[in-house]
Structures are given as structure tokens and as C-alpha cells.
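# Fold and geometry: a report
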4 protein chains.
Amino acid sequence: MKRTTPLYYGDYLQLNKLLDSQFPESTKYGAQAHDEMLFIIVHQAYELWFKQILFELDAIIREFRSNKVDESQVHIAVHRLNRIAEIQKLLIGQIRVLETMTALDFLDFRDVLYPASGFQSFQFRLVENRLGVRSAHRHVYKPGLPYYANLSEEHQQIVRQSETEPSLFHVVQDWLERTPFLNVHGFDFLGEYEKAVRGSGQELRVSETDLNALLDDECHEGLVRENKRRLSRKAMVAALFISLYHDEPILHPPFQLLTALIEMDEQFTSWRYNHALMVQRMIGTKIGTGGSSGYDYLKGTLEPHKVFSDLLAVSTYLIPRSELPALPEDVRTDLGFYYSSK
Amino acid sequence: MKRTTPLYYGDYLQLNKLLDSQFPESTKYGAQAHDEMLFIIVHQAYELWFKQILFELDAIIREFRSNKVDESQVHIAVHRLNRIAEIQKLLIGQIRVLETMTALDFLDFRDVLYPASGFQSFQFRLVENRLGVRSAHRHVYKPGLPYYANLSEEHQQIVRQSETEPSLFHVVQDWLERTPFLNVHGFDFLGEYEKAVRGSGQELRVSETDLNALLDDECHEGLVRENKRRLSRKAMVAALFISLYHDEPILHPPFQLLTALIEMDEQFTSWRYNHALMVQRMIGTKIGTGGSSGYDYLKGTLEPHKVFSDLLAVSTYLIPRSELPALPEDVRTDLGFYYSSK
Amino acid sequence: MKRTTPLYYGDYLQLNKLLDSQFPESTKYGAQAHDEMLFIIVHQAYELWFKQILFELDAIIREFRSNKVDESQVHIAVHRLNRIAEIQKLLIGQIRVLETMTALDFLDFRDVLYPASGFQSFQFRLVENRLGVRSAHRHVYKPGLPYYANLSEEHQQIVRQSETEPSLFHVVQDWLERTPFLNVHGFDFLGEYEKAVRGSGQELRVSETDLNALLDDECHEGLVRENKRRLSRKAMVAALFISLYHDEPILHPPFQLLTALIEMDEQFTSWRYNHALMVQRMIGTKIGTGGSSGYDYLKGTLEPHKVFSDLLAVSTYLIPRSELPALPEDVRTDLGFYYSSK
Amino acid sequence: MKRTTPLYYGDYLQLNKLLDSQFPESTKYGAQAHDEMLFIIVHQAYELWFKQILFELDAIIREFRSNKVDESQVHIAVHRLNRIAEIQKLLIGQIRVLETMTALDFLDFRDVLYPASGFQSFQFRLVENRLGVRSAHRHVYKPGLPYYANLSEEHQQIVRQSETEPSLFHVVQDWLERTPFLNVHGFDFLGEYEKAVRGSGQELRVSETDLNALLDDECHEGLVRENKRRLSRKAMVAALFISLYHDEPILHPPFQLLTALIEMDEQFTSWRYNHALMVQRMIGTKIGTGGSSGYDYLKGTLEPHKVFSDLLAVSTYLIPRSELPALPEDVRTDLGFYYSSK
């Protein structure tokens with residue numbers, strides 16, 4: 001696998017194309033606005049990183065689609081999600097770079113960009129669909145218009161196609177549902193858990209309403225209909241099991257995975273929020289370049305575009321280690337063997 | 001001013017007290033929970049930084065209370081606000097440190113802290129009051145109870161006293177109202193500005209509603225009553241003048257000041273938001289240790305506890321440099337002299 | 001484990017002591033220098049974090065001193081080292097906060113601090129000793145004087161005592177030496193590895209000198225004498241094994257541990273370097289307050305105070321996965337059982 | 001300046017080119033190495049940011065080449081340097097992203113890149129030359145070979161051309177030398193300064209050697225010959241004046257400029273250092289892909305590639321405000337007028 005002909009850095013990175021892709025519009029419509037170059041480069045850097053995030057998400061989803069996810073694949077998925085988390089810090093940092101442009105500087109070229117807008121990033125729409133943002137629950141900036149309305153025909157097709165493909169949310173849910181320990185060797189996790197919660201003698205650690213949502217299919221379905229829960233009840237129970245017993249060696253990787261998903265969700269939310277604050281700073285309450293109401297639209301995406309909120313809800317159900325139902329010895333032993341099998 | 005007796009690092013920093021102030025409660029009530037030490041130290045670090053932020057805010061307010069704020073004092077204020085901004089990055093970073101504690105780890109000692117809670121930080125209440133958060137507009141976690149209800153009697157008194165003292169908001173508003181350029185040498189800034197906005201022949205850059213809010217006292221008062229604006233109309237106009245002409249040398253420090261205030265507000269908001277996300281991660285939707293509803297309470301503070309939102313609204317009124325009313329020559333000359341005088 | 005009497009935030013955090021520990025010296029010797037408060041608070045925050053780092057290091061060392069370190073303990077150690085890494089980011093961020101003080105501002109109170117100096121932080125000396133910085137190899141700021149010379153008698157004793165206690169370096173080395181896979185079931189790792197390196201037919205991937213250092217006790221000892229290597233040869237080989245086969249599930253936690261150690265070392269080095277740059281900015285090439293030569297002293301500590309450099313040297317020995325000696329099936333099976341046993 | 005035809009985001013950012021520029025070599029030489037995509041994207045993001053940094057540096061240099069630099073231009077230069085500082089934080093953050101790749105992962109595709117190397121980034125060479133890194137003082141990775149030896153013919157020409165063009169160092173030096181206050185109205189700054197330093201009665205604040213370097217041309221020239229100083233004596237004196245009297249309003253922008261230059265230099269140094277640490281982590285002490293010795297080469301660039309070290313040396317000459325020679329009243333008045341004139 002050694003090369004026969006030498007490779008050059010510039011060719012490898014296609015610098016001739018990459019560095020010949022910055023064409024400020026303001027030069028065509030009068031004097032060049034100095035800060036338009038920054039505006040272009042920041043957005044190009046975003047698109048490069050979106051490509052990388054898609055690349056990592058695709059790889060994770062591909063591995064998880066197979067019915068059998070072994071411990072090694074969970075480990076690799078955690079590794080890749082941690083990489084995405086580091087990239088997300090850059091995404092947030094890039095907002096600070098853009099904020100070195102004043103609102104007045106932006107006005108120097110804002111008109112000539114019409115109607116181009118960050119809302120037209122088809123890659124970001126793909127990222128959202130890959131994660132599992134549901135089209136029906138998206139916050140849209142013009143009621144009645146689909147979220148991909150302002151994309152090119154070609155990109156609309158790609159984005160709509162992605163709606164039909166399995167998302168990270170789905171493969172994670174499937175994987176959780178396959179967790180093998182919930183009912184083995186006569187150990188009934190949910191039953192033992194309920195006993196522990198109720199049996200403490202004093203006030204319950206978990207409210208009846210919350211408890212029912214976990215124990216009862218109908219309650220759970222009700223929450224789903226009200227859009228207050230999305231994950232299946234079975235997957236919720238598995239996530240709770242993993243979180244309660246995360247001290248067990250075999251559960252380290254699964255727990256790291258749940259933590260990494262929460263982390264990623266949290267950072268996308270932070271990025272959206274910082275993005276919204278920046279837009280408010282640039283354009284006040286004016287209509288955004290894409291026709292949306294800018295700050296309000298972006299702030300509106302915070303909650304509905306979270307994908308793994310139910311994993312946060314798991315914390316509601318935790319009880320102290322000292323009150324945890326003990327795992328039967330054979331279950332503990334099995335923890336070393338069964339997980340990856342099914 | 002040279003010392004006569006040597007000073008030692010440990011004495012100077014009072015390390016005997018500082019490092020003897022960490023007493024995990026869990027040790028008293030059973031086994032020590034490893035992560036309680038982190039919990040204590042993070043909160044102590046917060047309190048140290050709050051003390052520093054108060055120290056800087058107090059110094060800025062003190063200088064600005066004098067009627068005459070010269071350019072040097074504006075410069076120093078900017079310098080100190082930039083320092084606060086660097087400290088705020090630490091405050092946000094400290095959340096990430098605390099997030100290395102899992103929700104289950106927190107449960108190991110959560111019960112024994114009851115009812116202690118971060119809401120009992122009297123210094124943070126002071127920071128808010130110094131900034132200019134208004135008591136009547138605060139988001140409270142128990143309707144009917146004052147925001148300082150859970151403080152000690154001594155701290156309640158300090159916090160209530162601070163409500164009556166001038167805030168950063170007030171001294172900045174006063175300073176803006178004293179801006180001398182708005183009506184000199186026959187130059188009527190607001191009149192010229194309105195002409196520029198209306199005269200572009202095509203659709204207005206600023207909506208009639210927005211424009212009226214700037215030009216008309218009654219409209220402005222209406223917005224104030226609806227809690228949509230807080231800054232006086234005169235101060236808004238001055239902030240707009242500074243933002244539109246920030247290329248003028250004499251306006252650099254004032255514009256840097258406005259930018260630094262926006263920055264500080266934005267970072268406090270980011271910190272609150274990240275704090276809310278962390279609390280959700282730790283306790284789900286459970287009732288917080290202080291009796292509040294945790295995540296919901298904290299998220300509820302985001303908008304009402306912003307102090308300088310009106311400075312963001314200034315962006316709504318900006319017009320491109322190419323359409324700016326030209327400053328008469330004698331105004332431009334005066335920009336070098338008048339600003340600090342009153 | 002529920003409380004019977006209520007606990008208050010201020011009491012819990014000992015705020016009466018904590019917030020009554022800032023006494024600027026400049027107030028005693030003339031006018032108060034505004035920035036001295038920042039100087040005090042930054043250093044106090046450092047000491048709080050050093051206490052936390054010591055707390056985490058002590059816990060890791062305690063667990064590792066037992067001969068039998070199971071997978072769970074490795075996992076917990078990784079978790080705690082990751083926490084230290086997050087704290088280290090704060091340590092670096094605090095330098096940026098201190099850099100908001102200009103050199104001239106520092107001069108306003110520098111004289112009255114004489115001879116107090118950060119070199120007198122006994123906790124930082126403890127951190128270094130806990131990590132495994134060797135007294136004999138320390139870079140000192142005054143030849144002939146021990147590194148703890150300027151500490152109080154009490155602190156000197158604590159620091160010297162810590163020299164005799166097991167360090168993180170030692171317990172990690174012992175744990176590596178216990179790695180059970182290097183020679184089981186007739187699988188001779190080192191022999192297979194040498195074959196793979198030599199057998200590629202073309203130029204060696206690893207130089208003869210480097211290879212000998214790994215294979216030959218005498219070569220290794222020579223490097224140790226020249227202070228070019230510190231880790232035992234056996235531990236080096238184990239670290240290489242873990243790094244080459246880190247795709248094996250059982251080796252994930254050990255590999256995460258090695259990575260976290262490298263990370264921690266790297267961040268301490270970064271912090272030292274940033275600290276050195278800041279000192280240069282503050283005092284130029286003047287003699288530092290502690291009598292050392294400031295920047296030069298601090299820069300001099302970079303290399304000798306690294307503890308886990310040998311783990312970086314492991315990268316020198318890596319070969320591509322495609323050329324890795326295959327693990328015999330029974331070794332791969334054993335990887336699931338043996339690691340924690342010995 | 002309004003558009004007549006609509007502009008689309010994808011066209012504006014040339015996404016068809018940008019997102020079609022990632023071609024992993026490993027796919028051509030066997031199995032695709034997953035992490036090569038990250039490797040490509042990180043380096044492309046670097047090149048985008050280098051382009052932006054060059055764009056900002058060019059603009060600053062262009063403005064400063066004119067003999068007359070007014071206060072507004074100083075302000076704009078500070079603004080642009082602060083932007084570069086924010087970008088530099090991203091550059092450092094990108095190292096952390098790349099560090100999510102393990103050394104073994106890198107080996108999966110390292111061979112097929114030969115001899116491509118980051119040392120072949122002609123844009124980074126341009127950045128260095130624009131800053132003022134001197135070709136004769138560069139640390140090279142192969143003695144005898146020019147630093148641009150491994151660039152393409154076309155890029156060699158661009159880089160060599162840039163050596164002959166004015167650098168930021170030169171235009172800043174010229175601007176400092178034009179500082180008008182050093183000798184006006186009979187106020188002899190250097191004479192007064194020497195009196196203040198010598199007159200304190202006790203030991204000198206500045207060593208005789210240091211003092212002579214400032215006061216005496218021959219001493220200064222000696223240091224220049226020994227490569228211990230680079231800035232002209234006249235410019236050094238001006239930088240000292242600005243630093244000592246930075247409380248004067250007219251000197252705020254110049255002082256902010258000096259601070260921003262130090263900041264930028266420091267961050268490039270930090271980036272180089274972090275880069276070196278990462279390379280060590282990836283390849284140990286192996287020969288780097290470009291034929292250099294990797295870590296050692298990179299560490300070797302730290303000191304010689306600093307451009308504004310002399311500005312740090314200014315701190316050596318500072319004396320406390322309380323000992324500063326008072327400025328005569330007419331000089332203080334003039335500070336408001338003379339600076340920009342020449």
C-alpha cells in the first residue's frame with residue numbers, strides 16, 4: 001500500500017479549487033465590502049464541518065443498522081460522537097469569529113446577498129434528518145411552506161430522500177430495545193425497580209405520573225400522542241437500566257454512548273442558541289435575509305429540534321445506588337457475555 | 001511603597017482558611033460520596049468569581065455616577081467589561097467540569113444537601129441587581145415569594161439594599177442621554193435620519209412601527225408599558241447615533257462600550273442556558289433541591305433577566321453607510337471636543 | 001441518609017470564610033491598586049482547583065496501589081483523569097483572565113508583594129510529586145537550593161513527605177507490568193512484533209536503535225541512565241501491546257487510560273507554556289518576584305516536568321493494522337477474562 | 001446596490017466545488033481508512049482560515065504603508081487583529097479535533113500520503129512572511145535547503161516574491177518611529193525617563209545593561225547583531241512611551257495595537273507548540289511525512305518565528321505610574337492633535 005508516485009499537499013487538498021471559491025458579491029455591485037470575505041469563509045468552513053459530521057453519522061448509523069452491534073462497535077460509535085463533540089466546539093467558536101463583524105459592516109453587503117441565506121444549507125438539513133429531527137415536528141419559518149422549500153430542486157430531492165432513511169434516533173432506539181438484561185434468569189428489572197421506588201416507606205422518589213409513564217403502555221402512548229415523549233417504552237426502560245447500573249463494566253460503553261448522545265444534542269442546542277443571539281445582534285428584529293423572522297425562528301427551533309430529550313428524562317427515574325435492587329449473581333456474570341449477542 | 005517585612009504566598013492568599021473550607025456533608029451522613037468535593041469546589045470557585053465581577057461592576061458604576069464621564073473612563077469601563085467577559089468564559093467552562101459528575105453520582109449526596117441550593121447565592125442576586133435586573137420583572141421560582149426569600153436575614157438585607165442603589169443599566173442610560181452631538185450646530189440627527197430612511201424612494205428600511213417607536217414619545221411609552229422597551233427614548237437615539245457613526249474616532253470608545261455590554265449580557269444568557277441544560281441532565285424533570293422546578297425555572301430567567309436587550313434593538317434601525325446622513329464639518333470637528341463635557 | 005436539620009448554601013460553602021479572605025496589600029502601603037483583587041482571586045481559584053486535582057489523583061493512586069486493578073477501576077480512573085482534563089482547561093483559561101491586567105497595572109502593586117510568589121504554592125508542588133515529577137530531575141530556579149526552599153516549614157514537610165509516597169507514574173507502571181497477555185498460550189508478543197517489523201522486506205518501520213531499546217535490557221538501561229527513558233522496559237512493551245491492539249474490547253479501558261495520561265501531561269505542559277508567556281508579558285526579562293528568572297525558569301520546566309513522555313514514545317513503535325501479528329484465537333478469547341486477574 | 005437576480009446560497013459559496021474536493025488516497029490504494037476524511041477536512045479548514053488571515057494582514061499592511069496613519073486606521077487595525085485572534089483560537093481548537101484520531105488510525109493511511117506534508121502549505125509560508133518572519137532566521141528542517149524547497153514552482157515564486165514585500169513588522173516599526181511625542185515642546189522623554197529610573201535613590205528598576213540598550217545606539221546595534229533585538233531603537237522608545245502613558249486617551253488605540261500584536265504572536269506560538277505536541281503524539285520520534293524530524297523541527301520554530309518579541313521586552317523597562325515623569329501640560333494637550341499628523 002505504498003505510493004509509487006509522489007503526492008503533493010496542494011493537489012491532495014485540491015487547493016486550486018478550494019482557494020478559488022471565494023467571490024464576494026459586493027465587488028460586482030459597487031465597492032467591495034471588506035467583511036464579506038469573512039462571511040464567505042465562515043460559511044464555507046461550516047459546510048466543510050457539516051460534511052465531516054455527516055460522514056461520521058453515516059458511519060455510525062451503518063454499523064448500528066445491523067441487528068448485531070457488538071461492544072467494539074459501541075466503543076467506536078462513542079469515539080466518533082466524541083469527535084463530533086469536538087467539532088461542535090469549533091462550530092460555536094466560529095460564531096464568535098463572525099461576531100467580530102459589526103451590524104453596520106454586515107449592512108455594507110447584506111442587500112446584495114438577497115435571498116441567499118443559511119437556511120439554504122442542504123447539508124445542515126441532512127444533518128438534522130440523520131439525527132432524527134422529524135419533519136412533522138420541525139419549527140418552520142413560514143407556515144405552510146416545507147422546510148426545504150428554498151433549496152434547489154436537486155438538493156430538495158436529496159433532503160427528502162433522507163427523510164426516509166434510518167436516523168441515528170432510530171438505530172439507537174432499536175439497539176436499546178435489544179438490551180438483553182431486562183428479563184433474564186428470573187430477574188424482572190422493572191418489577192424490582194418499582195418495588196425499590198415504592199418501598200422506601202416515605203414519599204416516593206418518582207411521582208406516580210412519571211412512574212406510570214414508565215410502567216404502563218397506555219400512559220406512555222398518551223405522552224407520545226401529546227408529543228411529550230418519543231422513545232419507545234422498552235427503549236426508555238433499557239436506558240434507565242444502563243444508567244442505574246453504569247458501574248458494571250459491561251455497561252460502560254453503552255452508558256458512554258448515552259452520555260455522548262446527550263452531549264451532542266446539548267451542543268447542537270447551544271450552537272442554535274448562540275446562532276440566534278448572533279443573528280439578533282446583526283439584524284435586530286428585522287426580517288432575516290431568508291425571509292424568516294431571524295432570531296424568533298432560530299429560537300423556535302431549540303426545543304423541537306432536540307432529538308434525544310428522552311434520555312435526559314431518564315434522570316427523573318434515577319434512585320440512589322444505596323437503594324438499587326441488587327443484581328442476581330448470574331445476571332452479573334451474564335453481563336460479561338450476553339450483551340452483544342441477542 | 002516597598003515592603004519592610006516579607007510577605008508569604010500562603011498568608012497573602014489566606015490559604016489556611018481557603019483550603020479548610022471544604023466539608024462534604026455526605027461524610028457526616030454515611031459514606032463519603034467522592035463527587036461531593038467537586039460539587040463544593042465548583043461552587044466555591046463560582047463565588048470567588050462572583051466577588052470579582054461585583055468588584056468590577058462596582059468600580060464601573062462608581063465612575064459613571066459622576067455626571068462627567070471622560071473618554072478615559074469609558075476606555076477603562078470597556079477594559080473592565082472585557083475582563084468580566086473573560087471571567088464569564090470560565091463560568092461556562094465550570095459547568096463542563098461539573099458535568100463530569102453523572103446524575104447517579106449526584107444522587108449519592110443530593111439528599112443530604114437539602115434544602116441548600118445555588119438559588120441561595122446572595123452574591124449572584126447582587127450581580128443581577130448591580131446589572132439592573134428589575135425585581136418586579138424577575139422570573140421567580142415560587143409565585144408570591146420574593147426572589148430573596150431563601151436567603152439568610154443578613155443577606156436579604158444586603159440584597160434588598162442593592163435594589164435601591166444605581167445599577168449599570170441606569171448609569172449607562174444617563175451617560176447615553178448626555179451624548180452631546182444629537183443636536184448641535186443646527187444638525188438635527190433624528191430629522192436627518194428620518195429623511196434618510198424615508199427618502200430612499202423604495203420600501204422603507206425600517207418599518208413604520210419601529211420608526212415611530214424611535215421618533216414619538218407616546219409610541220415609545222406604549223412599548224415601555226408593554227415591557228417591550230426599557231431604555232429611555234433619548235438614550236436609544238444616542239445609542240443609534242453611536243452605532244451609525246462608529247467609524248468616527250471619538251465614537252470608538254462609546255461603541256466599544258455598547259458592544260461590551262451586549263457581549264456581557266449575551267454571555268450571562270449563555271451561562272444561564274448552559275446551566276439549565278446541566279440541571280436537566282442531573283435531575284431530569286424532578287423538583288430541584290431549592291424547591292424550584294429546576295430546568296423550567298432557569299430557562300424562564302433567560303429573557304426577563306437580560307438587561308441590555310434594547311441595545312440589540314438598535315440594529316433594527318441601522319442603515320448602510322452609503323445612505324447615512326453626512327455629518328456637517330463643524331459637527332465632525334466638535335466630535336473631538338464635546339463628548340466628555342456635557 | 002436524609003438530613004434532619006436544614007442546610008444552608010452559605011454555611012455549606014463556608015462563604016463567611018471564603019469571601020473574607022481577600023486582603024489587597026496595596027491598601028496597606030498607599031492607594032489600593034484596582035487590579036490586585038483580580039490577582040488574589042485568580043490565585044485563590046488556582047488553589048481551589050489544585051485541591052480538587054490532588055483529591056482526584058489521590059483517589060486514583062489509592063485504587064491502583066492494590067495489586068488487583070479490575071476493569072471497573074480502570075474505567076473510573078479514566079473518568080477522573082477526564083475530569084482533571086476539564087479542570088486543566090479552566091487553569092489555562094484563568095491565564096487569559098489574568099492577562100486582562102496590563103504590565104503597568106501589575107507594577108502598581110508588585111513591589112508590596114515581595115517576596116511572595118506562585119513558586120510558593122505547596123499544593124502545586126504536591127501535584128507534581130503525586131504525578132511523579134522526580135525531585136532530582138526538577139528544573140530549579142536557583143541552583144543549589146531545593147525546589148521547596150521557599151515554602152513554610154510546615155509545607156516543606158508535607159512536600160518532602162510526598163516524595164516518598166507512590167506517584168501516579170509508579171502505580172501506572174506497576175499496573176502496566178502486570179498486563180497478562182504478553183506471553184500466554186505460547187504467544188510471544190515481542191517475538192511476533194519483531195518479526196512483523198523486520199519481515200516487511202523493505203526498509204524497517206522502526207530504526208534499529210529504537211528497536212533495540214525495546215528488545216534489549218541493556219540498551220534500555222542505557223537510555224534510562226541518559227535520562228532519555230524512564231518507564232521500565234516491561235511497562236513499555238505492555239503500553240505498546242495495548243496501543244497496537246486497542247481495537248480489542250478488553251483493551252478499550254486501558255487504552256483510554258494511556259490516552260488520558262498523555263492528555264493530562266500535554267495540558268500541564270500547555271499550561272506551563274502559557275504561564276511562561278504571560279510572565280514574560282508582565283515582567284519582560286526582569287527578575288521574577290520569587291527571585292527566579294521568570295520566563296526562563298518556567299520554560300525550563302517544560303520538558304523535565306513531563307511525566308508520561310514515554311507513552312508518546314510508544315507511537316514510534318506502531319505499525320499499521322494490516323501488518324499486525326494476528327492474535328491466536330485463545331489469546332483473543334482470554335482477553336475477555338484475564339486482564340483483571342493476575 | 002440592490003440585486004436584480006436572486007442569489008443562492010449554494011452558488012454563492014461554490015458548494016459544488018467546495019464539497020467535491022475531498023478525495024481520500026487510501027481508497028485508491030486498498031481499503032478506505034475512515035479517518036482520512038477528517039484529515040483532509042481539517043487541513044482544508046486550515047487553508048480557508050489562512051486565506052482569511054492573509055486577507056486581513058494584507059489590508060492592515062496596505063493601510064499602514066501610507067505615511068500617514070490616522071487614529072481611525074489604528075482602530076481598524078486593532079479590530080482586524082482581534083478578529084485574527086478569534087480565528088487563531090479556532091486553529092488551536094482544530095488540533096483537538098485532529099487529536100480524536102489515534103496514532104494507529106493515522107498509520108492506516110499515512111504511507112499513501114508520501115511525501116505530502118503540512119510543510120507544503122504555501123499559504124502558511126505567506127502568513128509568516130507577511131508577519132515578518134525573516135528567511136535568514138527561519139528554523140529549517142533540512143539544513144541547506146530553503147524553507148520553500150518542497151513547494152511547487154508556482155508557489156515558490158509567490159512565496160519568494162512575498163519576501164520582498166513590506167511585512168507587518170516593517171510597517172508597525174515605521175509607524176512607531178513616526179510617533180510625534182518623544183521630543184516636543186522641550187519635553188525630552190528619554191532624558192526624563194532615565195532620570196526617573198536613576199533617581200529613585202535605591203537600586204535601579206532597570207539594569208544598566210538593559211538601560212544602555214535603550215539609550216545608546218551602539219549597545220542597541222550590538223544586540224541586533226547578536227540577534228537579541230530586532231526593532232529599531234527609535235521604535236522601541238516609542239513603544240515604551242506608549243506603554244508607560246497608555247492611560248492617556250490618545251494613546252489607547254496605539255496601546256491596543258501593541259497589545260493585539262503581542263496577543264497574535266503569542267497565539268501563533270501556542271498553536272505551533274500544540275501542533276508540535278500533537279505531531280509527537282501521532283508519530284513519536286519517527287521521521288515526519290515531509291522528511292523533517294517532526295516534533296523537533298516544530299519545536300525549533302517557536303522562538304525564531306516570533307516576530308514581536310521586542311514588544312514583550314518593553315515590559316522590562318516599565319516603572320510604576322507613581323514614578324512616571326509628569327507630562328508637561330502642552331504635551332498632554334498636544335496628545336489630542338499631533339498623533340496622526342507627522
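### What to know about the overall build of chain A
A tally of helices and strands in chain A yields 16 helices and two strands. A principal-axis box enclosing the C-alpha atoms of chain A has dimensions of 75 × 60 × 35 Å. Evaluated residue by residue, chain A yields a buried proportion of 63% over its 342 residues. Across chain A, every contact between residues at least 6 apart in sequence was considered, and the portion connecting residues at least 24 apart equals 78%. Both charge centroids of chain A, one from 37 positive and one from 46 negative side chains, sit 3 Å from each other.

### Considering the interface of chain C and chain D
Taken together, the contacts link 45 residues of chain C with 45 residues of chain D. Counting each side, the surface lost to burial between chain C and chain D is near 3,900 Å², with a carbon and sulfur contribution of 47%. Along the contact surface separating chain C from chain D lie 14 salt bridges. A salt bridge links Glu 263 of chain D to Arg 96 of chain C; the nearest nitrogen and oxygen atoms lie 2.3 Å apart. Applying the counting criterion to the chain C and chain D interface returns 20 residue pairs in polar contact (both at pLDDT 80 or more). Elements supplying a minimum of two residues to the side of chain C that touches chain D: α4 (71-98), α5 (103-110), α12 (233-244), α13 (252-283) and α14 (295-300) of chain C. For the side of chain C that touches chain D, the leading source of residues is α13 of chain C, giving 15 residues. Classifying every residue of the side of chain C that touches chain D gives 16 nonpolar, 13 polar and 16 charged.

### Regarding the nonpolar core
Leu 168 of chain A, Leu 168 of chain B, Leu 168 and Tyr 193 of chain C together with Leu 168 of chain D are the most contacted members of the largest nonpolar core, which totals 490 residues. Among residues more than four places away in sequence, those in contact with Leu 168 of chain D are Leu 57, Ile 60, Ile 61, Leu 81, Arg 130, Leu 131, Leu 261, Met 264 and Phe 308 of chain D.

### Some words on the relation of the copies chain D and chain A
Aligned on chain A, chain D shows an RMSD of 0.0 Å; the corresponding rotation is 180° and the shift along the axis is 0.0 Å. Each copy turns onto its partner about a two-fold axis. Residue by residue, 100% of the interface of chain D is reproduced at the interface of chain A, so both copies engage with the same surface.

### Things to note about the relation of the copies chain C and chain D
When chain C is fitted onto chain D, the two copies agree to an RMSD of 0.0 Å after a turn of 180° and an axial shift of 0.0 Å. Interface overlap between copies: 100% of the residues of chain C at the interface are likewise at the interface in chain D, consistent with a symmetric, same-surface contact.

### What about the interface of chain D and chain A?
The interface of chain D with chain A comprises 71 residues on the first partner and 71 residues on the second. Buried area between chain D and chain A, both sides added, is near 6,800 Å², and the carbon and sulfur share of it is 66%. Here chain D and chain A share two salt bridges between them. The residue Arg 83 of chain A makes a salt bridge to Asp 35 of chain D at a minimum N-O spacing of 2.9 Å.

### Some details on the side chain of Asp 105 of chain D
Relative to the assigned elements, Asp 105 of chain D resides in helix α5 (residues 103-110). Within polar-contact distance, the side chain of Asp 105 of chain D engages the side chain of Arg 321 of chain C at 2.8 Å. Not counting residues up to four positions away in its chain, the partners in contact with Asp 105 of chain D are His 79 of chain A, Arg 321 of chain C together with Asp 35 of chain D.

### Remarks on helix α8 (residues 168-177) of chain C
Taking burial as the measure, the 10 residues of α8 of chain C include seven buried ones, the bulk of the element. Tucked into the core, α8 of chain C has its buried residues touching α3 (36-65), α4, α6 (122-131), α12 and α13 of chain C.

About the criteria used
Residues numbered from 1 in each chain as written. Chains lettered and ligands numbered in written order. Predicted model: local features only at pLDDT ≥ 70, side-chain atom pairs only at ≥ 80, totals over all residues. Heavy atoms only, no water. Helix = DSSP H or I, 4+ residues; strand = E, 2+ residues; numbered from the N terminus. Buried < 20%, exposed > 50% of the residue type's maximum accessible area, 1.4 Å probe, protein only. Contact = heavy atoms within 4.5 Å. Lys, Arg positive; Asp, Glu negative; His and termini not counted. Charge placed at Lys NZ, Arg CZ, Asp CG, Glu CD. Buried area = accessible area lost by both parts, 1.4 Å probe. Salt bridge = Lys/Arg side-chain N within 4 Å of Asp/Glu carboxyl O. Polar contact = N/O pair within 3.5 Å; in protein donor to acceptor, adjacent residues only side chain to side chain. Nonpolar A, V, L, I, M, F, W, Y, C, P; charged D, E, K, R; others polar. Core = buried A, V, L, I, M, F, W, Y, C linked by side-chain atoms within 4.5 Å. Least-squares fit on C-alpha atoms with pLDDT ≥ 70 in both.

Keep in mind that these numbers describe shape and distance, not what the molecule does.
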